[in-house]
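# Observations on chain architecture
Okay, here's what each chain looks like letter by letter:
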Amino acid sequence: MDVQLIVTHKKSNEVTDASFAVEDKVTVGRYLNSPILLQGEGLSRYHFSLSIKKGLLEIEDLSSNGTWLNGKLLKAHLSARVNVGDTIEIPGHRMQVVVATPKSAQAAHVARQPEELSVESKPAWSRPLVAALNFFDSLEIMLMVLAALTFALISFFLTR
């Protein structure tokens, strides 16, 4: 399925057009292979994904800073149906969704209403950790842990 997102940067009102194919799953965020290169505060490396399930486009929030579909906060790691004309909002950006599908599939796609969305509830202490895990990739996290362990060992032997 071909998807077109009309992306508006909220501060500068700069509009860009991104078109890409979603065959199985496409992840959007700050990482270099994202179909839309996004930058800004509050954006995760892997912010949200678009996927095709039963011929319909669905979105899943992968971030700790939230993804909104038509003004409603998506519940983390649960899918919601995306219809033609829907608005996706992430920190600093607003995206209008255009889906190019055959007319019969598009008519069925528009006729269905999005599922009920609910606000995610995470404990306050987990948000910085989740944000850090979304910001750094696994190699960077491993290097930081090794650096911290090295520092602890050096401190231990110097205080003996």
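Our subject is the structure listed above.
For clarity, every value in this text was computed on a predicted model and none was experimentally measured.

### Details of the environment of D17
Along the chain, D17 turns up in strand β2 (residues 15-21). Once residues within four sequence positions are removed from consideration, D17 is found in contact with Q4, L5 and I6.

### Quick word on unusual backbone geometry
Unusually for a residue other than glycine, K54 sits at a positive phi of about 55°. Mapped onto the secondary structure, K54 falls in the loop between β4 (48-53) and β5 (56-61). If you check the backbone angles, N70 has positive phi at about 55° while not being a glycine. With respect to the element layout, N70 can be found in the loop between β6 (68-69) and β7 (72-73).

### Description of the environment of K11
Locating K11 in the fold gives a position in the loop between β1 (2-9) and β2. Of the residues examined, K11 reaches a relative accessible area of 80% and is grouped as exposed. Distance in space between the C-alpha atoms of K11 and H93 is 8.5 Å, their sequence separation being 82 residues.

### A look at the packing of aromatic side chains
Counting across every chain of the model gives two aromatic pairs. Centre to centre, the rings of Y31 and Y46 are 4.9 Å apart; their planes meet at 40°, and the pair counts as tilted. Within this pair, whereas Y31 is found in the loop between β3 (25-28) and β4, its partner Y46 is found in the loop between β3 and β4, the two being separated by 15 residues in sequence. Classification of Y31 by relative accessible area gives buried; the value is 17%. Judged by relative accessible area, which is 38%, Y46 ranks as partly exposed. Ring plane angle 75° and centroid distance 5.2 Å describe the contact between F156 and F157, whose orientation is recorded as edge-to-face. Among the residues examined, F156 registers a relative accessible area of 44% and is labelled partly exposed.

Calculation criteria
- Residues numbered from 1 in each chain as written.
- Predicted model: local features only at pLDDT ≥ 70, side-chain atom pairs only at ≥ 80, totals over all residues.
- Heavy atoms only, no water.
- Helix = DSSP H or I, 4+ residues; strand = E, 2+ residues; numbered from the N terminus.
- Contact = heavy atoms within 4.5 Å.
- Buried < 20%, exposed > 50% of the residue type's maximum accessible area, 1.4 Å probe, protein only.
- Phe/Tyr/Trp six-rings, centres within 6.5 Å; stacked < 30°, edge-to-face > 60°.

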